[in-house]
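Below, each chain spelled out in residue letters.
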Amino acid sequence: MGTRAMMVGMESTRIDRWLWAVRLAKTRADAAAACRGGHVRVNDRPAKPATTVVAGDRVRARIGTTTRVVEVVQVIQKRVGAPIAATCLIDRTPAPPPEAAIPVARRERGAGRPTKRERRVLDEFRKQSG
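Residues numbered from 1 in each chain as written. Predicted model: local features only at pLDDT ≥ 70, side-chain atom pairs only at ≥ 80, totals over all residues. Heavy atoms only, no water.

### What about the pattern of salt bridges?
- Counted by the stated rule, this structure contains six salt bridges.
- For Asp16, the salt bridge goes to Arg28, with nearest N and O atoms at 3.4 Å. Here Asp16, found in helix H2 (residues 15–21), pairs with Arg28, found in helix H3 (residues 28–36); they are 12 residues apart in sequence, far enough to count as distant.
- Overall, Asp16 belongs to the buried group, its relative accessible area being 3%.
- Exposure remark for Arg28: the relative accessible area of 31% places this residue in the partly exposed category.
- Taking the shortest distance from any N to any O, the salt bridge between Asp123 and Arg119 comes out at 3.9 Å. Separated by four residues within a single helix, Asp123 and Arg119 lie in helix H5 (residues 116–129), roughly one turn from each other.
- For Arg119, a relative accessible area of 42% corresponds to the partly exposed category.
- Among the charged side chains, a network of salt bridges with common partners joins Arg14, Asp16 and Arg28. (Salt bridge = Lys/Arg side-chain N within 4 Å of Asp/Glu carboxyl O. Helix = DSSP H or I, 4+ residues; strand = E, 2+ residues; numbered from the N terminus. Buried < 20%, exposed > 50% of the residue type's maximum accessible area, 1.4 Å probe, protein only.)

Following this line, the structure appears as structure tokens:
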């Protein structure tokens, strides 16, 4: 029996229940669907909804459009308030890449060619920004 198997008997819970309890997923059904869809990994292994998590596990979950990387600090079974839920995990999500510093001029689709006046404004904008 490995150390992970021994730890599972102590303080553990299902990953779908934990994701819901710490408010990473709105509903437990959303958490289970993310697991079934392959969007949740525990310690870099794909996780089914019944996969158990213990303190110290690293969870990567893509729910909706956001991907979160968190470390389990405390295992909880019931949904709790946001301040308490925040103490049950350490957020290890990498910072998003910086957005482009130079704004891009866009025209409405189907607007046709720019008029002479619009062209002068665009040229002036390009001189200032670059």
